[in-house]
Amino acid sequence: MNERINKPRGTMDFLGEDKKLCDSIEALLFDISEKFGCSKIDVPMFEDGKLFVRGVGEGSDIVSKEMFRLDVKGDHNYFLRPEFTASVNRAAIENKLYASPDLPIKLAYCGPVFRFERPQAGRLRQFTQFGVEFFDTKIDAMTAMDSVLLLYRSAEQILGHELFLKVNYLGGNESRENYKNALLDFYKDKVENMCFDCHRRYEVNVLRMLDCKVEEDIEINKSAPVISDYLVDEDKQKFDTMLSALNALGIEYKRDERLVRGLDYYTGLVFEIYDPMNMNLGAIGAGGQYGKLMEELGGPEMEGIGFSFGIERLMLAVDQVKKNELIKADVLDYFIVDQREEKDSTAIVLADVLRSTGRSVSASSYSKKLNGSMKMANRANAKITLLLTDNNPGQIIIKDMETRIQEEIPCADVDEVVSKLMEMEK
Ligand code: HAM
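Residues numbered from 1 in each chain as written. Predicted model: local features only at pLDDT ≥ 70, side-chain atom pairs only at ≥ 80, totals over all residues. Heavy atoms only, no water.

A.B. asks: Help me get a handle on the overall build of the protein chain, residues and values and all.
C.D. replies: The secondary structure content of the protein chain amounts to 15 helices and 15 strands. Here the C-alpha atoms of the protein chain give a radius of gyration of 28 Å, more than 25% beyond the 22 Å that 2.2 N^0.38 yields for 426 residues. Here the C-alpha coordinates of the protein chain stretch approximately 90 × 55 × 40 Å along the principal axes. Of note, the protein chain has its 56 positive side-chain charges centred 3 Å away from the centre of its 73 negative side-chain charges. (Helix = DSSP H or I, 4+ residues; strand = E, 2+ residues; numbered from the N terminus. Rg over C-alpha atoms; globule rule 2.2 N^0.38 Å. Lys, Arg positive; Asp, Glu negative; His and termini not counted. Charge placed at Lys NZ, Arg CZ, Asp CG, Glu CD.)

Structure, rendered in structure tokens:
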């Protein structure tokens, strides 16, 4: 036997019910986002590496160690996308979406992203993100809350219960610079004893040190200065307005001073959403505000806010009841069983004509016995089975699978059979 080739570690095949669940979650998310005024966008799966270095940031783990570089001919610096936000901003600039008179611009996307992470439950190397990005000259509290609300209400609808929302506010330039200086000062005599990644983070983006997962560093971080002490009045006010909106909406949240997120573009509000019943999965969705990304990518001064869900994490979090609701059993209109020794084209023509009227039609394999074929019709949830056998030459047996009542009619003229079936449907 030839050597078997398996899928790469950290990837998944989707089939059967899983594929249905995945599709129906995606469809529901697009549906809800449309109700929030989003239109769909698709961007390439690979981009110039500069986009992610400048967009997501050199200081992020994603860019420094998790990107898939494409080994292609020529002088290209192509990478598979590790996320969508940088690409959607690039597309907004390239297609001059910023010139739209209708603000905020609201875009929704879904597709695979690639990160070379250590695979574990809920952590894949290829996974699917659904997300939205809102753009405006200034992201006001209403637009920011609309994005959080879309994240929260979507997750609530899919999982059927309340979620755990974490929020933090990284502030505008002045607040962040003040805070970064305080952190640089705090870590100055500690960084040497911290992990190798933190040495780099200290140089490139000190905020990311707060997010370190190394135990000893977590201990050090406990006494680090907190952002709220460095927010200028204007930022404090903005954050307070957002928190009051969450209170008014009846959405519970936890303010987490250590939440800085793993991507460098964030300014202002950042948030993560968890399923309280599945905290081990990590965040099922996350996002935040970014004030300078579009400018940094060569576009105009325009701000953005957005989030992405990890579809595979949502799929793991969905319980059986919700799963059944989401993947309503398909019903098949007709199932054809042709048991005749010498088959003519009656069955295939019948299937074709029925399908042309919009009916769903399936058939059992020529090798199946009658009993097995009828069981297959049941498993396929068939409403009607059409049976051709040598015991009833020139006839077709129409069997209603619910009432078990059957009737025999001539099958020489397929159009007549179809008219009769349509009549019986009424
Ligand atoms: P992120 O936190 O890197 O943010 O990813 C968003 C979501 O993708 C996570 O909450 C998680 O559900 C899922 N996810 C991340 N890594 C993995 C993985 N290795 N395996 C499975 N699922 C994963 C972003 O990507 C930002 N672009 C979100 C955003 C949009 N910010 C503003 N706009």
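Additional details are given in the paragraphs that follow.
A.B. asks: Describe unusual backbone geometry, listing the residues and the values that go with them.
C.D. replies: In the segment running from leucine 103 into proline 104, the intervening peptide bond is cis, with an omega of -5°. Structurally, proline 104 can be placed in the loop between helix H4 (85-94) and strand E4 (105-114). Phi at arginine 261 takes a positive value of approximately 70°, unusual for a residue other than glycine. Given the relative accessible area of 11%, arginine 261 is considered buried. At asparagine 381, a position not held by glycine, the phi torsion is positive, near 60°. Mapped onto the elements, asparagine 381 comes out in the loop between helix H14 (370-379) and strand E13 (382-388). (Buried < 20%, exposed > 50% of the residue type's maximum accessible area, 1.4 Å probe, protein only.)

A.B. asks: How would you summarise the sheet that holds strand E8 (residues 269-274) if you had to cite specific residues and measurements?
C.D. replies: With mixed pairing, the eight strands of this open sheet are ordered in space as E1-E4-E5-E10-E9-E8-E6-E7. The open sheet has two edge strands with one neighbour each: strand E1 (39-40) and strand E7 (253-255). In this fold helix H5 (residues 141-159) packs onto E4, strand E5 (126-136), strand E6 (164-169), E8, strand E9 (285-290) and strand E10 (303-310), with an angle of close to 10° to the strand it touches most, E10. (Pairing = 2+ DSSP bridges. Contact = heavy atoms within 4.5 Å. Axes fitted to C-alpha atoms, helices over the stretch in contact; angles between N-to-C directions.)

A.B. asks: Outline the pattern of salt bridges, listing residues and values.
C.D. replies: Note on pairing: side chains with opposite charge can pair once their charged atoms come close. Counting across every chain of the model gives 30 salt bridges. The salt bridge partner of arginine 208 is aspartate 211, with a shortest N-O separation of 2.9 Å. Accessibility expressed as a relative area gives 4% for arginine 208, which makes it buried. Of the charged contacts, one joins glutamate 219 and lysine 222 as a salt bridge, the two residues approaching to 3.0 Å between their closest N and O atoms. Taking the relative accessible area as the measure of exposure, lysine 222 reaches 54% and is therefore exposed. One network of salt bridges, with partners in common, ties together Asp61, Lys65, Asp197, Arg200, Arg201, Arg208, Asp211 and Lys213. (Salt bridge = Lys/Arg side-chain N within 4 Å of Asp/Glu carboxyl O.)

A.B. asks: Before we move on, could you go through the packing of aromatic side chains and cite the residues and values that matter?
C.D. replies: Applying the stated criterion to the full structure yields 12 aromatic pairs. Through a chain of ring-to-ring contacts, the aromatic side chains of Phe68, Phe114 and Phe116 assemble into a single cluster. Geometry around phenylalanine 134 places lysine 106 over its ring, the cationic atom sitting 4.9 Å from the centre. The ring of phenylalanine 186 has lysine 190 sitting right over it, with the charged end atom 4.0 Å from the ring centre. (Phe/Tyr/Trp six-rings, centres within 6.5 Å; stacked < 30°, edge-to-face > 60°. Lys NZ or Arg CZ within 6 Å of the ring centre and 35° of its normal.)

A.B. asks: A description of the environment of isoleucine 273 should follow, citing residues and the corresponding values.
C.D. replies: Position of isoleucine 273 among the secondary structure elements: in strand E8. Classification of isoleucine 273 as buried rests on a relative accessible area of 0%. Residues isoleucine 273 and arginine 9, 264 residues apart in the sequence, show an inter-C-alpha distance of 27 Å. Leaving out residues up to four positions away in the same chain, isoleucine 273 has contacts with Leu151, Tyr152, Ala155, Leu163, Phe164, Ala283, Ile284, Gly285 and Phe309.

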